Amino acid sequence: MSHLDVLISEEKIKNRIKELGQQITKDYEGKEICLICVLKGGVMFMVDLSKEIDLPLEMDFMAVSSYGNEMTSSGVVKIIKDLDDPIEGKHVLIIEDIIDSGRTLSYLVKTLNNRKPASLRICTLLDKPEQRISDVQVDYVGFTIPDEFVLGYGLDYMQKYRNLPYIAVMRETEE
Ligand SMILES: O=P(O)(O)OC[C@H]1O[C@H](OP(=O)(O)OP(=O)(O)O)[C@H](O)[C@@H]1O
Ligand code: HPA
Ligand SMILES: [Mg+2]
């Protein structure tokens, strides 16, 4: 049997997102930004974070997948859905739920930089540095987490649990 342990509470997530929103608002003062949500995991974070940013902003969505329904990355990143609009000349901020191996983001950064944005930064709710394979420069991190498979607040296990308002870890229950 397995059970869920709360790793980061709803309250902690809320508070940290407020701080990140204030930081981003300050850093981009006088500019317009384009938030790019990496579907599906980034959706909760994007929605809540955008409400804490006091700047004129656009939202666009991209879906890439390397995990499918597995707990480890396949290593092959595929674009499932591309952005609707060009990003040339825009200040782009990629919004992710988690950086694990780093494969998804290093692929995205390469792909999006080719489209000549005015700037390109990364904001992730969770960073799991112990699993890093591809090096990525992250600009905004919500929480650094240990090397465990997490779920909730956008993150799935077999496509489920994304709706949990907190981040949890699935652990084996000792008999
Ligand atoms: O750093 P990495 O090892 O590449 O892992 C992180 C990526 O993997 C997950 O997405 P997934 O491909 O599972 O799609 P999903 O967001 O639809 O769950 C997660 O949302 C990140 O995008
Ligand atoms: O720890 C994780 N949980 C859910 N999805 C993920 N995608 C990469 N790492 C994770
Ligand atoms: Mg996933």
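Residues numbered from 1 in each chain as written. Chains lettered and ligands numbered in written order. Predicted model: local features only at pLDDT ≥ 70, side-chain atom pairs only at ≥ 80, totals over all residues.

**Describing the overall build of the protein**
Formally: Helix and strand assignments follow DSSP, with helices taken as H or I runs no shorter than four residues and strands as E runs no shorter than two, numbered in order from the N terminus. Note that the radius of gyration is over C-alpha atoms, with the globule rule given as 2.2 Å times the number of residues to the power 0.38. Exposed residues have 12 or fewer other C-beta atoms within 10 Å of their own C-beta, buried residues have 20 or more, and residues in between are partly exposed; the C-beta atoms are placed from the backbone. Residues are treated as contacting if the C-beta atoms built from their backbones sit within 7 Å of each other.
When helices and strands are tallied, the protein shows 3 helices and 9 strands. In the protein, the succession of helices and strands from N to C terminus is β-α-β-α-β-β-β-α-β-β-β-β. Radius of gyration (C-alpha) of the protein: 16 Å, near the 16 Å computed for a compact globule of 175 residues. Principal-axis analysis of the C-alpha atoms places the extent of the protein at approximately 60 × 35 × 25 Å. The buried share among the 175 residues of the protein stands at 29%. Considering only contacts in the protein between residues 6 or more positions apart, those separated by 24 or more positions represent 66%.

**Quick notes on the sheet that holds strand 4 (residues 78-81)**
In plain terms, the rule: At least two DSSP bridges between two strands are needed for those strands to be called paired. Helix axes are fitted only over the stretch in contact, all axes being lines through C-alpha atoms; the angle between N-to-C directions runs from 0 to 180 degrees.
Reading across the sheet, the 6 strands line up as 4-3-2-5-6-7 and stay open at both edges, with mixed pairing between neighbours. The sheet is open, and its two edges are formed by strand 4 and strand 7 (140-144), each paired on a single side. Here the strands of the sheet are splayed against their neighbours by 30 degrees on average, with no regard to which way each runs. Both strand 2 (residues 33-39) and strand 5 (residues 91-99) contribute to a ladder of 5 bridges, which runs parallel. Within strand 5, the residue paired with C37 across the bridge is I95. Packed on one face of the sheet, helix 1 (residues 10-27) meets strand 6 (119-127) and strand 7 and runs near 160 degrees to strand 7.

**Remarks on the nonpolar core**
Stated formally: To count as a nonpolar core, a set of buried Ala, Val, Leu, Ile, Met, Phe, Trp, Tyr and Cys residues must be joined through C-beta atoms within 7 Å.
Counting 34 residues, the largest nonpolar core has L35, I36, L93, I94, I95 and V150 as its most contacted members. For this core, the secondary-structure elements that each account for two or more residues are helix 1, strand 2, helix 2 (43-50), strand 5, helix 3 (103-113), strand 6, strand 8 (150-151) and strand 9 (167-172). Take this core: its biggest share by element is 6 residues, from strand 5. Residues within four places of I36 in sequence aside, it is in contact with D60, M62, L83, V92, I94 and I95.

**Comments concerning the environment of M170**
Mapped onto the elements, M170 comes out in strand 9. Taking the number of C-beta atoms within 10 Å as the measure of exposure, M170 has 16 and is therefore partly exposed. When the C-alpha positions of M170 and Y157 are compared, they lie 9.4 Å apart, and in sequence the two are 13 residues distant. M170 has contacts with S2, L4, F149, L151 and Y157, leaving out every residue within four places of it along the chain.

**Things to note about the confidence of the model for the protein**
As a reminder of what qualifies: One confidence number per residue, pLDDT, is output by the predictor and ranges from 0 to 100.
Overall, the predicted model of the protein reaches an average pLDDT of 94, with 95% of residues at or above 70. On the interface metric, ipTM, the complex scores 0.97, and its pTM is 0.94.

**Considerations on helix 2**
Among the residues of helix 2, those classed as buried are M44, F45, M46 and L49. Among the structural elements, helix 1, strand 2, strand 5 and strand 6 are those in contact with the buried residues of helix 2.

**Examining the environment of I36**
The residue I36 is located in strand 2 in this model. Given 27 C-beta atoms within a 10 Å radius, I36 is considered buried. Each C-alpha atom, one on I36 and one on D60, is 5.0 Å from the other, the two residues being 24 residues apart in sequence.

**Topic: the pairing of strand 2**
Regular strands place their side chains on alternate faces of the sheet. To keep it simple, the criterion reads: Whether a crossover is right-handed depends on one test, that the path from the first strand over the helix to the second runs clockwise when the strands point away from the viewer.
The element strand 2 is largely enclosed, with a buried count of 5 among its 7 residues. Crossover strand 2 to strand 3 (residues 57-65) through helix 2 is right-handed.

**Describing the sheet that holds strand 1 (residues 2-8)**
Read from one edge to the other, the open sheet built from 3 strands follows the order 1-9-8, with strand pairing classed as antiparallel. Looking at strand neighbours, the two that pair on one side only are strand 1 and strand 8, the edges of this open sheet. Bridge analysis of strand 8 against strand 9 gives 2 bridges, and the strand direction is antiparallel. Note on strand 9: the bridge partner recorded for V150 is V169.

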